[in-house]
Amino acid sequence: DSGVTQTPKHLITATGQRVTLRCSPRSGDLSVYWYQQSLDQGLQFLIQYYNGEERAKGNILERFSAQQFPDLHSELNLSSLELGDSALYFCASSRGQGSPYEQYFGPGTRLTVT
Amino acid sequence: AQKITQTQPGMFVQEKEAVTLDCTYDTSDPSYGLFWYKQPSSGEMIFLIYQGSYDQQNATEGRYSLNFQKARKSANLVISASQLGDSAMYFCAMREAGSGSARQLTFGSGTQLTVLP
């Protein structure tokens, strides 16, 4: 158990809908990262927050957004869902931002868009 | 260009034998970190080992060791005394210090390791 929690574990929804994925980092971790894992794209970084502020953006679609709250939990919002958004979404956390702070991953949320 | 290359889509190893999973990387940043993660069929990503670019010695964590060859830009994972529970997908990842505040990991495509009884 990494100490990072993600809810829900599974999510099945229809195209065009909007969903929210939730992540609670390990106790004391200030950085939260979101990653998407799909069969065709592999593991891709989406976005990072550090202590409530957005710090980096990767291959995140405009239909997706995220935020980190004062209690450091984070939410990833996916809207106007398409079939291609079906993937495993991971949240990871780390103590700080740079090395050697390894990132600990949550169990992931498996999103299926039908 | 691929920043992280894992050339072995699948590997087989006999139980109790050692196995090396290859990883090469590409960066012009002098400061970077290299990571290995394990992803069992259940899906979670498990951190295994870390090597910093300025570390003088190869990292070791129990049965895992990282064979770091900086000049060749390779960071191979060595698993000694393989166990059936080691069967999983293994990902090599890199984080560059770089400019700006990006601290995300860039992952390779993974190697599926199967340990045979």
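First, a word on what this report is: a plain description of the structure on this page. Since the model is a prediction, treat every value here as computed from it, not as a measurement.

1. Focus on the pairing of strand 2 (residues 10-14) of chain B
When a strand is regular, its side chains alternate between the sheet's two faces. All names here are of chain B. Burial along strand 2 is one-sided: Met 11 and Val 13 are buried, while Gly 10, Phe 12 and Gln 14, pointing the other way, are not. Here five bridges tie strand 2 to strand 12 (residues 111-116), and the two strands are oriented parallel to one another. When the sheet's bridge partners are listed, Gly 10 is paired in strand 12 with Gln 112.

2. Considerations on the side chain of A:Glu75
All names here are of chain A. Position of Glu 75 among the secondary structure elements: in strand 8 (residues 74-78). At a separation of 3.5 Å, a polar atom in the side chain of Glu 75 contacts the side chain of His 73. Sequence-distant contacts of Glu 75, that is, excluding residues within four places in its chain, are made with Thr 20, Leu 21, Arg 22, Trp 34, Ser 65, Ala 66, Gln 67 and Phe 69.

3. Examining the packing of aromatic side chains
Scanning all chains against the criterion turns up 15 aromatic pairs over all chains. For the ring pair A:Tyr35 and B:Phe107, a centre distance of 5.7 Å and an interplane angle of 90° mean the geometry is edge-to-face. Placement of A:Tyr35 in strand 4 (residues 31-38) and of B:Phe107 in strand 11 (residues 106-107) is noted, with the two residues assigned to different chains. With centroids separated by 6.2 Å and ring planes inclined at 90°, the aromatic side chains of B:Phe91 and B:Phe107 adopt a geometry described as edge-to-face. Taken together, the residues B:Phe91 in strand 10 (residues 88-96) and B:Phe107 in strand 11 connect sequence positions 16 residues apart. Across this residue pair, the class does not change: B:Phe91 and B:Phe107 are buried. Aromatic ring contacts, followed pair by pair, group A:Tyr35, A:Phe45, A:Phe90, A:Tyr104, A:Phe105, B:Phe35, B:Tyr37, B:Phe47, B:Tyr50, B:Phe91 and B:Phe107 into a single cluster. Of note, B:Arg63 hangs over the ring of B:Tyr64, and the distance from its end group to the ring centre comes to 5.8 Å.

4. Looking at the side chain of A:Asp29
Residues and elements named next belong to chain A. Inspection of the secondary structure assignment puts Asp 29 in the loop between strand 3 (19-24) and strand 4. A distance of 2.7 Å separates a polar atom in the side chain of Asp 29 from a polar atom in the side chain of Ser 93. Reaching out from Asp 29, the side chain makes a polar contact with the side chain of Arg 95 at a distance of 3.4 Å. Residue contacts for Asp 29: discarding those within four places in its chain leaves Leu 72, Ser 93, Ser 94 and Arg 95.

5. Details of the pairing of strand 7 (residues 64-68) of chain A
Residues and elements named next belong to chain A. Burial along strand 7 is one-sided: Phe 64, Ala 66 and Gln 68 are buried, and none of Ser 65 and Gln 67, which face the opposite way, are. Pairing geometry for strand 7 and strand 8, over five bridges, is antiparallel. Bridge pairing in strand 8 places Ala 66 opposite Leu 76. Count of turn residues in the strand 7/strand 8 antiparallel hairpin: five residues, of which Leu 72 carries a positive phi of about 80°.

6. Things to note about the environment of A:Gln41
In this structure, A:Gln41 sits in the loop between strand 4 and strand 5 (42-50). Between the alpha carbons of A:Gln41 and A:Ala87 there is a distance of 9.7 Å; along the sequence they are 46 residues apart.

7. Points about the interface of chain B and chain A
Counting residues at the interface gives 18 residues for chain B and 20 residues for chain A. For the chain B and chain A pair, buried surface summed over both sides reaches about 1,600 Å², with 56% attributable to carbon and sulfur atoms. Viewed at the interface, chain A and chain B are joined by three residue pairs in polar contact (both at pLDDT 80 or more). Those elements that provide at least two residues to the side of chain B that touches chain A are strand 5 (32-39), strand 6 (46-52) and strand 10 of chain B.

8. Thoughts on the sheet that holds strand 7 of chain A
Residue and element names in this part refer to chain A. The four strands are arranged 1-3-8-7 in an open sheet whose pairing can be described as antiparallel. The open sheet has two edge strands, strand 1 (5-7) and strand 7, and neither has a second partner. Sheet twist, expressed as the mean angle between neighbouring strand axes with direction ignored, is 15°. In this sheet, strand 3 lies alongside strand 1 in antiparallel orientation, the contact comprising three bridges. Along strand 3, the bridge assignment pairs Thr 7 with Arg 22.

9. A word on the pattern of salt bridges
All names here are of chain A. The tally for this structure, following the rule as stated, stands at nine salt bridges over all chains. Residue Arg 26 pairs with Asp 29 through a salt bridge whose shortest N-O separation is 2.8 Å. By relative accessible area, Arg 26 is classed as buried at 18%. One salt bridge connects Asp 29 with Arg 95, and the closest N-O pair in it is separated by 3.4 Å.

Cut-offs used in this document
Every chain is numbered independently, its residues counted from 1 as its sequence is written. Both sets of labels track the order of writing: A upward for chains, 1 upward for ligands. Per-residue local features of the predicted model are confined to residues with pLDDT of at least 70, and side-chain atom pairs are confined, for both listing and counting, to 80 or more; whole-chain, interface and lining totals are unaffected and use all residues. To get the side-chain values, take all heavy atoms of the structure and skip hydrogens and water. Partly exposed residues are those whose accessible area sits between 20% and 50% of the maximum for their type, while under 20% is buried and over 50% is exposed, using a 1.4 Å probe and protein chains only. Per the convention used, a helix needs a DSSP run of H or I reaching at least four residues, while a strand needs a run of E reaching at least two, with both numbered from the N terminus. Note on pairing: DSSP must find at least two bridges between two strands before they are called paired. In protein, a polar contact means a hydrogen-donor-capable atom and an acceptor-capable atom, both N or O and within 3.5 Å, with residues adjacent in sequence counting only if both atoms are side-chain atoms; elsewhere, any N or O pair within 3.5 Å suffices. Any two residues having at least one pair of non-hydrogen atoms within 4.5 Å are treated as being in contact. Stacked, tilted and edge-to-face pairs are distinguished by plane angle, under 30 degrees for stacked and over 60 for edge-to-face with tilted covering the rest, among Phe, Tyr and Trp rings (Trp via its six-membered ring) whose centres lie within 6.5 Å. By the criterion adopted, a ring carries a charge over it if an Arg CZ or a Lys NZ lies within 6 Å of its centre and within 35 degrees of its normal. Once two parts are put together, the accessible area they lose, assessed with a 1.4 Å probe and summed over both, is termed the buried area. Between N-to-C directions, angles span 0 to 180 degrees; the directions come from axes that are lines fitted to C-alpha atoms, helices contributing only their stretch in contact. The salt bridge criterion pairs a side-chain nitrogen of Lys or Arg with a carboxyl oxygen of Asp or Glu, the two atoms within 4 Å.

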